[in-house]
Amino acid sequence: MIVFEEESSSAIEMKSLFPNGDGGIDILDSGNLLCVQSNSRIGAIFHEGSILNASDYKVYKDWLSKASSSPSLPLQFRVVDRKEVIMSYRYLPESREINANRNYGGNVGNYIWEYGATNLLNPFTTRLVESKDWKTSVFIVAQANLFLVNGEKPNLEQMMFNQANAIRERVVNYDLPTIMLGIGVQIEFGVAENVTFDERYASYHQLLHEVGTRHKSKSIAVRGDITENFCRNSGFHQCISLGCPSLTINRDLNLGATLKAKWNKVLESLREVNAARKIKVALALPAIQMKTNYDDYKMFVDVLLSLYRQHDSYFIMQSDYDDYQLKEYTKGEVDESRMLTFKHSVEPWFDFISKVDVVVSTRIHGGMAGIAKGVPAVIIPTDFRILELVEAMKLPALAVDTIEKERHSSLINIMEDALLIMLPLRQTEDRRSKNTSAY
């Protein structure tokens, strides 16, 4: 079987083209794929049941040329070796085993991050392996919340120190060119931006040192400018602010223009009384425990509830406590059919979100699900991590202090007050293209 990629092909989407008894082979793991190139198009030969070796390359090239060419228009094919790569953390499509592991709950928004990180790999030229041998080319450290800087939470800090030390040991043991993806500093609002990784944070410093000695280019993708400044102030210059890996899921090269056009269309509908009610809105609840922080939970959920009452709205249950808290707070006002959970995978989430008109989210990945499918989103940063991400990616956001002051009760007011709207949406694509190229 030979399959040539479409513009939207990804490592995860290609899985469905190579079926087996459990939904498809994992194209990134498979050893029986051979990558071929004809002009600017990349394709894969799938030979079931055998590993394709270098000795086979000429046979396949000759066969492709004879099968695909005409005397007047001969086609040239080139075999491209697949690089073997170790990746620390990635998205795995649904299977019985994966679903069983995901039944334990947690934040399903993490699957959006995993999907984005995995989607950066070219499935035709990359093969993921679990251990190093002489053919292994690169170690990819895909990790989000790593650099916690909070002296008031020593136990959590120690947990992150241990995690950083464990990653550093793998970097040293593999001794491969190493790139990092998605790491970020976890600090509270108001912490000075010129803070460095001092002696207390030696574990972070040592990890960056080991990565930096193995790859001199911009090989450490961090989630925002603050983290990039942390690295630079600590003497590391390989870091680049890339935002969330999920920003690369959508392959539209004019994503900013696409979002702006849809944004304007929603605003036009909101100004028409009869059309406003039909606007389909996805709402993502805040990552706040109602029992311990009731006032903040109330403030954010009241805004979302006002939209629920006015439009064709649905709540996305990202955390396992969202369902209970929303029911408890609203006393049953929200219809259960409008409380959606995507427990095992992102694909059904993407399918749903692609049919909505706009997303209003108090969580980063609730908004990024919309952006991934070209749906405009307003993100309300409820913590520093989200704020750093939306600023890095130039996404429309509504500041918490604006929410506190205005107590918004209409979608049109939220969209009009959101930061970086309209013309600056071009910056979304400009920033994405520039920094991804540098990375």
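Once a new chain begins, its residue numbering starts again from 1 and follows that chain's sequence as written. The predicted origin of the model limits local features to residues at a pLDDT of at least 70 and limits the giving and counting of side-chain atom pairs to 80 or more, whereas totals for whole chains, interfaces and linings rest on all residues. Heavy atoms from the whole structure form the basis of all side-chain values; hydrogens and water molecules are not counted.

**Things to note about the pairing of strand β8 (residues 145-148)**
By this definition, two strands are paired if DSSP reports at least two bridges between them. To qualify as a helix, a DSSP run of H or I must reach at least 4 residues; to qualify as a strand, a run of E must reach at least 2; elements of each kind are numbered from the N terminus. Bridge count for β8 against strand β9 (residues 178-186) is three bridges, and the pairing is parallel. Looking at β9, one finds that Leu 148 is bridged to Gln 186. Here is how to tell: hold the view so the strands point away, follow the path from the first strand over the helix to the second, and if it runs clockwise the crossover is right-handed. Taken together, β8, helix α4 (residues 154-174) and β9 form a β-α-β motif whose crossover is right-handed.

**Thoughts on the packing of α4 against helix α5 (residues 202-214)**
Helix axes are fitted to C-alpha atoms over the stretch in contact, other axes to C-alpha atoms as well, and angles between N-to-C directions run from 0 to 180 degrees. Across the interface, α4 lies against α5 with an axial gap of 8 Å and an inter-helix angle of 20°. Considered as vectors, α4 and α5 are oriented roughly parallel to each other. In this structure, α4 crosses over α5, and the sense of that crossing is left-handed. On α5, the residues touching Glu 157, Met 160, Phe 161, Ala 164, Asn 165, Ile 167, Arg 168, Val 171 and Val 172 of α4 are Ser 203, Tyr 204, Gln 206, Leu 207, Glu 210, Val 211 and Arg 214. In the scheme used here, Gly and all other residues not listed as nonpolar or charged are polar, with Ala, Val, Leu, Ile, Met, Phe, Trp, Tyr, Cys and Pro taken as nonpolar and Asp, Glu, Lys and Arg as charged. For the contact of α4 with α5, the per-class residue count stands at nine nonpolar, three polar and four charged. When an angle is under 35 degrees it counts as roughly parallel; over 145 it counts as roughly antiparallel; between 65 and 115 it counts as roughly perpendicular; any other value is oblique. Crossings are sorted by hand: turned counterclockwise from the far helix by less than a right angle, the near helix makes the crossing left-handed, and turned clockwise it makes it right-handed. Only heavy atoms matter for contacts: two residues are in contact if any of them lie within 4.5 Å across the pair.

**Digging into empty space enclosed by the protein**
Buriedness for pockets is judged along seven lines, at least five of which must meet protein on both sides within 12 Å for an open set on the 1 Å grid over protein atoms alone, while cavities are sets there where a 1.4 Å probe fits but cannot get out, and lining residues have an atom within 4 Å of a point. Grid points are joined across faces, edges and corners, and a volume is the space filled by probe spheres set on the points. In this structure the tally under the stated criterion is two cavities of 30 Å³ or more. The calculated volume of the second largest cavity comes to roughly 30 Å³. If you go around the second largest cavity, the residues you meet are Asn 107, Gln 318, Arg 363, Ile 364, His 365 and Arg 385.

**Considering the sheet that holds strand β12 (residues 280-284)**
Pairing is parallel across the open sheet formed by five strands, whose spatial order is β14-β13-β12-β15-β16. Where the open sheet ends on each side, the last strands, each with one partner, are β14 (339-340) and β16 (377-379). Where strand β13 (residues 312-316) meets β14, two bridges bridge the pair, whose relative direction is parallel. Note on β14: the bridge partner recorded for Phe 315 is Met 339.

**A few points about the packing of aromatic side chains**
Stacked, tilted and edge-to-face are the three classes assigned to paired rings of Phe, Tyr and Trp, where Trp is represented by its six-membered ring and a pair needs centres within 6.5 Å; plane angles under 30 degrees give stacked, over 60 edge-to-face, the rest tilted. Counted by the stated rule, this structure contains 14 aromatic pairs. Each ring, one from Phe 147 and one from Tyr 204, has its centre 4.9 Å from the other, and the planes form 50°; the classification is tilted. A residue pair is termed long-range when its members are at least 10 positions apart, and Phe 147 in strand β8 and Tyr 204 in helix α5 qualify at 57 residues. Exposed residues in this analysis have more than 50% of their type's maximum accessible area, buried residues have under 20%, and partly exposed residues fall in between, with area computed by a 1.4 Å probe over protein chains only. A relative accessible area of 0% means that Phe 147 is categorised as buried.

**So, the confidence of the model for the protein chain**
The predictor rates its confidence in each residue with pLDDT, a number between 0 and 100. This prediction gives the protein chain a mean pLDDT of 83; 79% of its residues lie at or above 70. Mean pLDDT per element in the protein chain: strand β1 (residues 2-4) is the minimum at 48, and β12 is the maximum at 98. Throughout residues 1-9 the model reports pLDDT below 50, and contacts reaching past four residues in sequence, or to other chains, amount to 30 contacts. Overall, residues 11-25 carries pLDDT values under 50, and its contacts beyond four positions in sequence, including any with other chains, amount to 39 contacts.

**Structural notes on the pairing of β12**
The element β12 is extensively covered by neighbouring structure, given that five of its five residues are classed as buried. By the alternation rule, side chains of β12 split into Lys 280, Ala 282 and Ala 284 and Val 281 and Leu 283, which are all buried. Pairing between β12 and β13: five bridges, direction parallel. If you follow Ala 284 over to β13, its bridge partner there is Ile 316. Note: β12 against strand β15 (residues 358-361), four bridges, orientation parallel.

**Some points on α5**
Residue count minus one, scaled by 1.5 Å, sets the expected span of a helix. Taking 1.5 Å as the rise per residue, α5 with 13 residues should run 18 Å; its terminal C-alpha atoms sit 19 Å apart, in good agreement. Buried residues along α5 sit against β8, α4, β9, β10 (220-222) and α6 (225-233).

**Focus on the side chain of Asn 150**
Structurally, Asn 150 can be placed in the loop between β8 and α4. With a relative accessible area of 10%, Asn 150 lands in the buried category. Within 3.5 Å is the distance limit for a polar contact, defined as a pair of N or O atoms, with the added protein rule that one can donate a hydrogen and the other accept it, and that residues adjacent in sequence qualify only through two side-chain atoms. In this structure the side chain of Asn 150 is engaged in a polar contact, spanning 3.0 Å, whose partner is the backbone nitrogen of Glu 152. Excluding anything up to four places from it in sequence, Asn 150 contacts Glu 157, Glu 188, Arg 200 and Tyr 201.

**Regarding the nonpolar core**
We call a set of buried residues a nonpolar core when its members are Ala, Val, Leu, Ile, Met, Phe, Trp, Tyr or Cys and they connect through side-chain atoms within 4.5 Å of each other. In this structure, Trp 349, Phe 350, Phe 352, Ile 364, Met 368, Ile 371 and Met 393 are the most contacted members of the largest nonpolar core, which totals 47 residues. Once you skip the residues sitting within four places of it in the chain, Trp 349 turns out to touch Val 108, Gly 109, Ile 112, Ile 316, Gln 318, Phe 342, His 365, Gly 366 and Ala 369.

**Observations regarding the pattern of salt bridges**
Any two side chains of opposite charge can pair if their charged atoms end up close together. Salt bridges are defined by distance alone: a side-chain nitrogen of Lys or Arg within 4 Å of a carboxyl oxygen of Asp or Glu. All told, the structure shown has 15 salt bridges when counted by the stated rule. The shortest N-O distance in the salt bridge between Arg 214 and Glu 210 comes to 2.7 Å. Remark: Glu 210 and Arg 214 occur in helix α5; sequence separation between them is four residues, near one turn of the helix. In this structure, Arg 214 and Glu 210 share a single accessibility class: buried. Ionic contacts of the salt-bridge type, sharing partners, join the residues Glu 84, Arg 127 and Lys 135 into one network.

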